[in-house]
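# A closer look at the structure
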Amino acid sequence: MSSSTHIATCPLCEATCGLEITHVNGEVQKTRGDREDVFSQGFICPKGASIGELHADPDRLTTPLVRRDGELVEASWEEAFAYVDERLTPLLAAAEGDRDAVGIYLGNPNAHTLDGLVHLRAMIKALGTRNVFSATSVDQLPKQISSALMFGAGLSIAIPDIDRTDHMLILGANPLASNGSLMTAPNYRGRLRAIQERGGKVVVVDPRRSRTAELADEHHFIRPGRDALLLAGIVQVLLAEDLADPGELAAHLDGFDELAPALASFTPEGVAASCGIAADEIRRMARELAAAERAAVYARIGTTTQEFGTVASWLVDVINAITGNLDSDGGAMFPLAAAGQTNANGAPGRGRGFKIARWGSRVRGLGEAFGELPVAALAEEIETEGPGRIRAMFTIAGNPLLSTPNSGRLRAAFESLELMVSVDAYVNETTELADVIFPAPSPLARPHYDLAFYQLSVRNIANFTPPMVSSEVEPEWRTFLRLGAIAAGQGPDADVDGFDDLVAFEVARRETATPGSPAEGMDPAAVLAALGERRGPERVLDLMLRCGPYGAGLGPEGGRGEEGLCLDLLERSPHGIDLGPLRPRLPEMLRTASGKVELAPAEILADLPRLERAAVSDAGGMVLIGRRHLRSNNSWMHNLPHLVRGKPRCTMQVSPADASRLGLIDGGEASVSSRAGSIRIPVEVTDSIMDGVVSIPHGWGHDTDGARLEVAGANAGVNSNLLSDDTLVDALSGNAVLNGVPVEVAPAA
Ligand SMILES: Nc1nc2c(c(=O)[nH]1)N[C@H]1C(S)=C(S)[C@@H](COP(=O)(O)OP(=O)(O)OC[C@H]3O[C@@H](n4cnc5c(=O)[nH]c(N)nc54)[C@H](O)[C@@H]3O)O[C@H]1N2
Ligand SMILES: Nc1nc2c(c(=O)[nH]1)N[C@H]1C(S)=C(S)[C@@H](COP(=O)(O)OP(=O)(O)OC[C@H]3O[C@@H](n4cnc5c(=O)[nH]c(N)nc54)[C@H](O)[C@@H]3O)O[C@H]1N2
Ligand code: SF4
Ligand SMILES: [Mo]
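A brief report on the enclosed structure follows. (Residues numbered from 1 in each chain as written. Chains lettered and ligands numbered in written order. Predicted model: local features only at pLDDT ≥ 70, side-chain atom pairs only at ≥ 80, totals over all residues. Heavy atoms only, no water.)

## Some points on the site of ligand 1
Taken together, 30 residues lie around ligand 1, and Asn108, Ser403, Asp424, Asn428 and Ser635 are the ones closest in. In this structure, asparagine 428 approaches ligand 1 through a side-chain N or O atom, which is 2.5 Å from an oxygen atom. One of the side-chain nitrogen or oxygen atoms of histidine 698 is found 3.4 Å away from a nitrogen atom of ligand 1. When ligand 1 sits alone it has 910 Å² of accessible area, and the protein chains cover 95% of it. Grouping the constituent residues of the shell around ligand 1 by class yields 13 nonpolar, 12 polar and five charged. (Near = heavy atom within 4 Å. Polar contact = N/O pair within 3.5 Å; in protein donor to acceptor, adjacent residues only side chain to side chain. Areas by Shrake-Rupley, 256 points an atom, 1.4 Å probe, with all protein chains shown as cover. Nonpolar A, V, L, I, M, F, W, Y, C, P; charged D, E, K, R; others polar.)

## Considerations on the sheet that holds strand β7 (residues 132-134)
Pairing is mixed across the open sheet formed by seven strands, whose spatial order is β5-β4-β17-β16-β15-β6-β7. The strands lining the two open edges of the sheet, one partner per strand, are β5 (71-74) and β7. Neighbour-to-neighbour, the strand axes of this sheet turn through a mean angle of 20°, independent of strand direction. Inspection of the sheet shows strand β4 (residues 65-68) paired to β5 by four bridges, in the antiparallel sense. Bridged to arginine 68 within β5 is glutamate 71. The sheet contacts of helix α5 (residues 120-127) involve β6 (102-106), β7 and β15 (392-396), and relative to β6 the element is tilted by about 160°. (Pairing = 2+ DSSP bridges. Helix = DSSP H or I, 4+ residues; strand = E, 2+ residues; numbered from the N terminus. Axes fitted to C-alpha atoms, helices over the stretch in contact; angles between N-to-C directions. Contact = heavy atoms within 4.5 Å.)

## A closer look at the site of ligand 2
As a structural note, the neighbourhood of ligand 2 is formed by 30 residues, with Ser178, Asp206, Asp227, His629 and Asn634 the closest of them. A distance of 2.6 Å separates an oxygen atom of ligand 2 from a polar atom in the side chain of aspartate 206. Note that a nitrogen atom of ligand 2 is positioned 3.4 Å from one of the side-chain N or O atoms of asparagine 739. Protein chains shield 98% of the accessible area of ligand 2, which is 920 Å² for the free molecule. When contributions to the shell around ligand 2 are tallied by element, the ones reaching two or more residues are α7 (175-178) and α14 (301-304). When residues of the shell around ligand 2 are assigned to their parent elements, the largest contribution, three residues, is made by α7. Across the shell around ligand 2, the residue classes break down as 10 nonpolar, 13 polar and seven charged.

Written out as structure tokens, the structure is:
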């Protein structure tokens, strides 16, 4: 039998690497980096190389499962949808119009699939609940909120122009393990090295000497949760020493004069003790940022999943702006993706802006953002009686019982649900509690285009992957639409293709009402007719590409002809199309009401007194942070033998000084407890972590009774989110505090 080669974009993380997959009839023989990929040029990591193992994983679900007599057993698709209808329809009827009785949790992989990004919304709308939760609020929500307040939209995130910068300050990110986040770029090591090779400097701030910190020119330990203090100190220096110089950017800034009075009290001397970084070091960091021709500050999950996530995220862009590096080559810039770039929609330069917390969660009043509630509130919304209580849950591509805070409490809450419906690739530690599980196709059996991550990319790129093999499983978009139809009371056999037409029609309709779109003024039906035979998310993608900033348009007249983008062209370009380096986009990309960058949003300034108190309060005690390993992917790839080989990685890292003080020995066992729970875990003594801090990776704890994960079960580890505390949130966003959780550590008895 002869082998064939399939070129794909890896959908497993944000880096979007090109893969060259050699297979015989769909059986993967070898996967390597695609050297001709316009973006990754052959770079690949162990996860991408394991995509064949994922495709062939015998534990990966290929048929629906339904619960009968307490057991999850295989069922046909028809039976599974009928089962949902039989259970959900009476539940909704009993709730008497209270649509909030059904909650939804959306997991991370939804951001990596076209189905999750294009068709899932229709299902959520059909459910009509306000109880929508997602991994966003254990992740980047604070950055989205600060960006929305400053630039007018939640995906208007300023991305470091890593390939042209001379100075990069990185806080709370370890791209050498994570391959980057909110900054799509394959091969970080190469890109960071290139900064150094052109004479620039890389500075890392992290309570751990991470792999990225090891590569950097300079590394500062920081007390977890204190990045906002450090950054405020840097801004204070820039302003007090007259080093702030926005240059031409000044014309687009609002609120510059409010910064100095608001931040005056955050002197380096005032914040140093709380951060654990000396005042003269903070001064030097500020001066070097100001002196660099082109500099970018980049902060990620260590700075968002913490007590001051939103303030820290804001300060990052304040520094980028007042040093003149925002929207400027080698600074922090705004991508212009080929499709779906939300800040390129509608009239340019001005918009409705963003409103924080338009409503609150029922029990604790945690604020909504972008139509979702913080997942730290999920357990109490299931437990607490009264109207609006969640009685049934849908989980879509998520594992909240490992991924979200106080998972012990959340598990008990999930066990009390009347109905649970999941769409997932596995019976994992969450879906094991479901009444119905619908499988998802293998990543090699679905089309792929990174609709979300190209909006956050360090170059403008478009790359489409057709399926390598036909799917043994219904496409997820069809599952979403059928579930939506059941929720809308239309029964299990609704006309999915008709709903798909409606989804596409709605996108077309919006396009016809968009000034400057090639579809402007057209009849939406004519727009759809111009798209031909495609269906599902691919049709919508084609429409977005055609009407996007590099688009071919919809026909010979409106069209931009041969060079313009459309899905046909991307299909003929398996290695992708490079649309060039980032270009300045101010003020066109702004959607604030003022048409300016809001440097001093009132909501954020109002949170500064809380930060001031943190500068003087000395928490003492040990705190917990997380970490990622190159071979992990949150909770869900520990079932692949290649990725769990070697030394056990779910250990608690502790410094030598703390270990001897606490009586812990390397290789021994520690007992760790917090307000939320306690665990036992192997100890790893290492000088790579600062005193007063312990680090435990998340996504482990595969030893539950019902999960069907043979390899992961044999490498179970422990769930660090048994310790994280659902009562600790960033005040502005409600995002969970997963870094800087107070813990007590002792040798295990
Ligand atoms: N303590 C601590 N907790 C954390 C973090 C941390 O740093 N520290 N990080 C947080 C972050 S950043 C995130 S994003 C979350 C992740 O949290 P979640 O999104 O809840 O969890 P994942 O582990 O990503 O689980 C994804 C699930 O989707 C399934 N899946 C994979 N591909 C597909 C697909 O194509 N379709 C469907 N339907 N299912 C699929 C997998 O089998 C898996 O069950 O965890 C958060 N939790
Ligand atoms: N291999 C692998 N890659 C992944 C994932 C994975 O699980 N494994 N998950 C993906 C997902 S969903 C995401 S969101 C991204 C996340 O990508 P990154 O943001 O790069 O995440 P981490 O690698 O966890 O790095 C976070 C760093 O923050 C540090 N830190 C913890 N607390 C603090 C603090 O208070 N202040 C500061 N300054 N630093 C702190 C930690 O020590 C750690 O080194 O990674 C993605 N890529
Ligand atoms: S870095 Fe991310 S995108 Fe690249 S091969 Fe690894 S998992 Fe895939
Ligand atoms: Mo994430």
